[in-house]
Amino acid sequence: MYKLLVVLYVTCFGLYLLFSRQPDFFDGERTPAIIHFAKDSTGKEKPFAVFSLGKTEQRVDASYLFRSYQEGEKVQVIYETSQPQYAAVYSWWGYGITWGELVGSVVLLLVAFQAAVQITKHPDPQAIIDQEEKLPKRRKYSN
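Residues numbered from 1 in each chain as written. Predicted model: local features only at pLDDT ≥ 70, side-chain atom pairs only at ≥ 80, totals over all residues. Heavy atoms only, no water.

Draft legend 1. Quick look at the overall build of the protein. Helix and strand counts for the protein stand at three helices and five strands. When the helices and strands of the protein are placed in sequence order, the string is α-β-β-β-β-β-α-α. Relative to the 2.2 N^0.38 estimate, which gives 15 Å for 143 residues, the radius of gyration of the protein is 25 Å and therefore markedly larger than a compact globule would have. Along the first, second and third principal axes, the C-alpha set of the protein runs to 80 × 35 × 25 Å. When the 143 residues of the protein are sorted by exposure, 27% land in the buried category. In the protein, once contacts between residues fewer than 6 apart in sequence are set aside, the share between residues at least 24 apart is 57%. Here the protein displays about 10900 Å² of accessible surface, and carbon together with sulfur accounts for 60% of that area. (Helix = DSSP H or I, 4+ residues; strand = E, 2+ residues; numbered from the N terminus. Rg over C-alpha atoms; globule rule 2.2 N^0.38 Å. Buried < 20%, exposed > 50% of the residue type's maximum accessible area, 1.4 Å probe, protein only. Contact = heavy atoms within 4.5 Å. Areas by Shrake-Rupley, 256 points an atom, 1.4 Å probe, with all protein chains shown as cover.)

Pasting the structure below:
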């Protein structure tokens, strides 16, 4: 039962990650970008991925939890051609998996695991008797 729960969790979480990315993983365009540090609206200096599309230059916030960059570092960005201003740095941490999704999915896995344990831990005695009556008695080694 536990193996089935883990396989189901990994399958569902993997499919969720694959099909829920914005910009879209399958339709998105990838292009190189360079990291430049600049002040944001609050006056705090943050890394931005700067890339050009034709004659326009796009700037995307590249800061993310547990991710650090150096000035001038080259990265890949992914964007949708209809909305390049909503681009994202193409990396496994921050685009592929976000910390909120990871924590939420682990909590969901633990809740599902606890529910499975509680359901099967103390079955109703009448259910056990009914189940035993339905199963035919078999010998350990049949001829």
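Draft legend 2. Spatial organisation of helix H1 (residues 2-19). Its 18 residues place the ends of H1 26 Å apart at the C-alpha level, agreeing with the 26 Å of an ideal helix rising 1.5 Å per residue. Those residues of H1 that are buried lie in contact with helix H2 (99-121). (Expected span 1.5 Å × (residues − 1).)

Draft legend 3. Molecular detail of the side chain of glutamate 101. Of note, glutamate 101 is situated in helix H2. In terms of polar contacts, glutamate 101 uses its side chain to reach the side chain of tyrosine 16, at 3.1 Å. Beyond its immediate chain neighbours, meaning those up to four positions away, glutamate 101 contacts Phe13, Tyr16, Leu17, Ser20, Arg21 and Gly96. (Polar contact = N/O pair within 3.5 Å; in protein donor to acceptor, adjacent residues only side chain to side chain.)

Draft legend 4. The arrangement of unusual backbone geometry in detail. Note that the residue after glutamine 22, namely proline 23, is joined by a cis bond; omega there is 0 degrees. Within the secondary structure, proline 23 sits in the loop between H1 and strand E1 (29-39). Phi angles above zero are rare outside glycine, and phenylalanine 66 is one such case at about 65 degrees. Residue phenylalanine 66 is classed as exposed on the basis of its relative accessible area, which comes to 73%.

Draft legend 5. Structural context of a negative patch on the surface. Together, Asp124, Asp130, Glu132 and Glu133 make up a region of like negative charge exposed at the surface. Note on aspartate 124: relative accessible area 48%, which makes it partly exposed. (Patch = residues over 30% accessible without salt bridge, like charges linked within 9 Å, V, L, I, M, F, W, Y side chains within 5 Å. Salt bridge = Lys/Arg side-chain N within 4 Å of Asp/Glu carboxyl O. Lys, Arg positive; Asp, Glu negative; His and termini not counted. Charge placed at Lys NZ, Arg CZ, Asp CG, Glu CD.)

Draft legend 6. Structural detail: the side chain of lysine 46. Tracing the backbone shows lysine 46 in strand E2 (residues 45-53). On the accessibility criterion, lysine 46 (18% relative accessible area) is buried. In this structure the side chain of lysine 46 is engaged in a polar contact, spanning 2.9 Å, whose partner is the side chain of aspartate 61. The residues contacting lysine 46, other than those within four sequence positions of it, are His36, Phe37, Ala38, Asp40, Asp61 and Ser63.

Draft legend 7. A look at the pairing of strand E3 (residues 56-61). Two elements, E2 and E3, share six bridges in a ladder whose sense is antiparallel. Residue pairing in the sheet places phenylalanine 51 in a bridge with glutamine 58 of E3. Here E2 folds back onto E3 in antiparallel fashion, the turn holding two residues, of which glycine 54 has a positive phi close to 70 degrees. (Pairing = 2+ DSSP bridges.)

Taken by themselves, the reported measurements are silent on function.
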